[in-house]
Every structure is written in structure tokens, then in C-alpha cells.
Amino acid sequence: APPVSAQDEPKKETPKANSAATLAKKARKLEHELMVSRMKLEVARLDTQIKAETAKAGLAKSGRETKSAKDAVAHFDKVAAPTRVKEAQITFDAAKNAAVQAKDEYNELVAMYKAEEFAEMTKELVLKRGRHNLDLAERRLQVQVGKLQDLEKSVLPREWAALKGKLQ
């Protein structure tokens with residue numbers, strides 16, 4: 001058999017050295033995994049904290065918006081709607097009064113010109129102006145009737161529903 005040299009022999013480590021190196025490597029790997037797990041846990045904790053704060057802020061905002069919506073509905077019911085109806089009623093009454101006055105003035109002019117003998121052209125101009133004023137007053141009155149009805153039956157109920165919808 002040929003002589004075996006020290007170079008030809010495979011190097012054998014002792015089982016004790018192999019075991020210590022393997023264990024050290026496993027320990028480093030486990031330490032690394034532990035560190036990564038701790039970082040993931042911290043990230044998850046911070047994410048949960050952020051979500052909790054965001055939810056808390058959202059809840060506070062929702063509370064403010066709900067209060068604002070309740071206040072808007074209460075103000076609409078107690079102040080805005082009644083005031084607008086009163087204003088529309090006043091405008092309607094003024095238009096009605098103007099129509100009655102214009103009619104009275106026109107009738108007075110007709111009666112006056114029948115009783116007296118004025119120049120025919122002056123009479124016609126004054127009567128034309130009176131008829132025109134009466135016509136405008138009656139047309140304004142009709143517009144105000146429609147506006148008042150629209151406000152009470154359509155506009156205010158629609159606005160009220162929109163405010164209630166925001167509240168809900």
C-alpha cells in the first residue's frame with residue numbers, strides 16, 4: 001500500500017468543535033430572529049396606537065358634526081323657517097295692500113273724471129297710468145301668493161329634510 005501523507009488525509013474536526021460552531025451559528029440566527037420579532041412587535045404596537053388615536057379623533061369629529069347638525073335643525077325649526085314665513089307673509093301682505101290701493105286709486109280716478117270735464121287727453125293718460133299700476137300690483141300679488149305657497153310647501157320642507165338627513 002502506498003504511503004499516506006498528512007496532506008491526503010481528510011481533516012476531521014472534533015465533534016466538540018463542530019457542535020460548538022453549529023450551536024454558536026444557531027444562537028446568532030435565533031438572536032437575529034428574536035430581534036426581528038421584537039421590531040415587528042413594536043411596529044404592530046405603534047400601528048395599533050396610531051389606529052386607536054385616529055379612531056378617537058374620528059369619533060370626536062363625528063360628535064362635533066352631530067352636535068352641529070342638531071343645532072342646525074333646531075335653529076331651522078325655531079328661528080329660520082318661522083322668520084322666513086313671516087317675511088314672506090309681510091311681503092305678501094304688502095303686495096296685497098298695494099293691489100287694493102291701486103284698485104281704489106284707479107276707481108277714484110274713473111269716478112273723478114266722470115264727474116268733471118277735464119281735457120280728454122289728460123284723462124286718458126291718468127287712467128292709463130292707473131290701469132298700469134293696478135295691473136302691476138295685481139301681478140305682483142299673484143307672484144307673492146305663489147312664492148309664499150312655494151316657501152311653505154316646497155322650499156322649507158326640502159331644506160328641513162336636508163338638515164335632518166345631515167343629522168342622521
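Residues numbered from 1 in each chain as written. Predicted model: local features only at pLDDT ≥ 70, side-chain atom pairs only at ≥ 80, totals over all residues. Heavy atoms only, no water.

## Regarding the overall build of the chain
(1) Moving on: Assigned secondary structure in the chain consists of two helices and zero strands.
(2) Moving on: Sorting the 168 residues of the chain into buried and exposed places 14% on the buried side.
(3) Moving on: Put simply, 83% of the contacts in the chain that link residues at least 6 apart link residues at least 24 apart.
(4) Moving on: Accessible surface, the chain as shown: approximately 13,900 Å² in total, 59% of it carbon and sulfur. (Helix = DSSP H or I, 4+ residues; strand = E, 2+ residues; numbered from the N terminus. Buried < 20%, exposed > 50% of the residue type's maximum accessible area, 1.4 Å probe, protein only. Contact = heavy atoms within 4.5 Å. Areas by Shrake-Rupley, 256 points an atom, 1.4 Å probe, with all protein chains shown as cover.)

## Some remarks on the environment of Leu141
(1) Moving on: Position of Leu141 among the secondary structure elements: in helix H2 (residues 120-167).
(2) Moving on: For the pair formed by Leu141 and Asp93, sequence separation is 48 residues and the distance between their alpha carbons is 8.5 Å.
(3) Moving on: Among all residues touching Leu141, those that are not within four sequence positions of it are Phe92, Ala95, Lys96 and Ala99.

## Here's the deal with the side chain of Gln144
(1) Moving on: With respect to the helices and strands, the residue Gln144 is situated in helix H2.
(2) Moving on: The residues contacting Gln144, other than those within four sequence positions of it, are Thr91, Phe92 and Ala95.

## Topic: the pattern of salt bridges
(1) Moving on: Taken as a whole and assessed by the stated rule, the structure comprises six salt bridges.
(2) Moving on: Of the charged contacts in the structure, one is a salt bridge between Lys67 and Asp71, with a shortest N-O distance of 2.8 Å. One end of the pair, Lys67, and the other, Asp71, are both in helix H1 (residues 15-115), four residues apart, so they sit about a helical turn from each other.
(3) Moving on: Between Asp135 and Arg139 there is a salt bridge, and its shortest N-O distance comes to 3.2 Å. (Salt bridge = Lys/Arg side-chain N within 4 Å of Asp/Glu carboxyl O.)

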